[in-house]
Each structure stands twice: as C-alpha cells, then as structure tokens.
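Coordinate analysis (summary)
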Amino acid sequence: MAKICKYGFDDSIIINKRDLYGIGFTQNLLSGRWKYFILWFLKDEKKRFSEIKKFLSGISQGSLTKQLKELENDGLIHRKVHPEVPPRVEYSLTEMGMEILPILRMMESYGKKHGEQAEDYLS
C-alpha cells in the first residue's frame, strides 16, 4: 500500500493525518507518468495488457509493467490471470480504483477549462 513521503512535511501533519496527509497520500498513489491514463482507460471495462500498451503507444513494455504492478500493489487495479495457453491477463479497477475516478474527472474538467488558456499564455 502506498504511503506518503515524510520528507518535506512536519511530523505533526503525518501523525495527525491532517489535510496535507490526504493530498500527499493520493499524490503518491497516482505518482507516475502513466498511472492517470491507465486508470482512466480501465474505467469502463477490463482490458488486456496489449490493449493498454496500444492505447499508450509511447510507453515501453517495462514501464507499463512497472506502473501496472504499482497500481496493483496499491490496491487500485486487479490483475486476473486466466488459466489458458497462452495465458490471458486482464486488468480492471478495484473498488478503491473506482473511488479515484471522480478525482480524474475533476482533472479532466479543469484541464479542458484552463488548458487552452495556459497554452495561449505559454506561446
């Protein structure tokens, strides 16, 4: 299970689990370049490794494997291996993973609202 990094926080925040603890914990769960996109891609149905790899064409197989293992270890996705030859592996969101979707929807809305403005500003 993910934990928050204690560096940069006063110990009382960690001990009392105040507002910043929740933000830090969630940020740690989602840290990784591709995790947001993997979770979003799994939101509607289970997917096979090859489908996720095709969707994220810019990710290496090793990086995808690492991100999926981290998401599984953190309890956000479930990995099911079907006893077939060759083995068929499917990934789906867990209940905890489903609970992250409103955060991703808020990020999507924020990006749609402010993304173009930011691009104009940076140009």
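This text goes with the structure placed above it.
In this text, all values refer to a predicted model and were calculated from it rather than measured experimentally.

1. Comments concerning the overall build of the chain
- The number of helices and strands found in the chain is 6 helices and 3 strands.
- Counting from the amino terminus, helix and strand elements in the chain follow one another as α-α-α-β-α-α-β-β-α.
- In the chain, which comprises 123 residues, the proportion classed as buried is 26%.
- Sequence separation of 24 or more characterises 48% of the internal contacts of the chain that already satisfy a separation of 6 or more.

2. Some details on the nonpolar core
- Of all hydrophobic cores here, the largest spans 20 residues; its most connected members are I38, L39, L42, I52, L68, I77 and Y91.
- Those elements giving two or more residues to this core turn out to be α2 (19-30), α3 (35-41), α5 (61-73), β3 (88-93) and α6 (95-122).
- The residues contacting L39, other than those within four sequence positions of it, are L30, L71, L76, I77, L93, I100, L101 and L104.

3. A word on the packing of aromatic side chains
- Applying the stated criterion across every chain yields a total of 2 aromatic pairs.
- Ring centres of F41 and F55 lie 4.1 Å apart, and the angle between their planes is 5°; on these two criteria the pair is classed as stacked. With a gap of 14 residues between them, F41 in helix α3 and F55 in helix α4 (residues 49-55) connect regions that are remote in the sequence.
- Note on F55: relative accessible area 40%, which makes it partly exposed.
- Sitting over the face of the ring of W40, K43 holds its NZ or CZ atom 4.7 Å from the ring centroid.

4. So, the side chain of K47
- Note that K47 resides in strand β1 (residues 47-48).
- Among the polar contacts made by the side chain of K47, one reaches the side chain of E45 at a distance of 2.9 Å.
- With residues near it in sequence (within four places) discarded, K47 still touches F41, L42, I52, V89, E90 and Y91.

Rules of the game
Residues numbered from 1 in each chain as written. Predicted model: local features only at pLDDT ≥ 70, side-chain atom pairs only at ≥ 80, totals over all residues. Heavy atoms only, no water. Helix = DSSP H or I, 4+ residues; strand = E, 2+ residues; numbered from the N terminus. Buried < 20%, exposed > 50% of the residue type's maximum accessible area, 1.4 Å probe, protein only. Contact = heavy atoms within 4.5 Å. Core = buried A, V, L, I, M, F, W, Y, C linked by side-chain atoms within 4.5 Å. Phe/Tyr/Trp six-rings, centres within 6.5 Å; stacked < 30°, edge-to-face > 60°. Lys NZ or Arg CZ within 6 Å of the ring centre and 35° of its normal. Polar contact = N/O pair within 3.5 Å; in protein donor to acceptor, adjacent residues only side chain to side chain.

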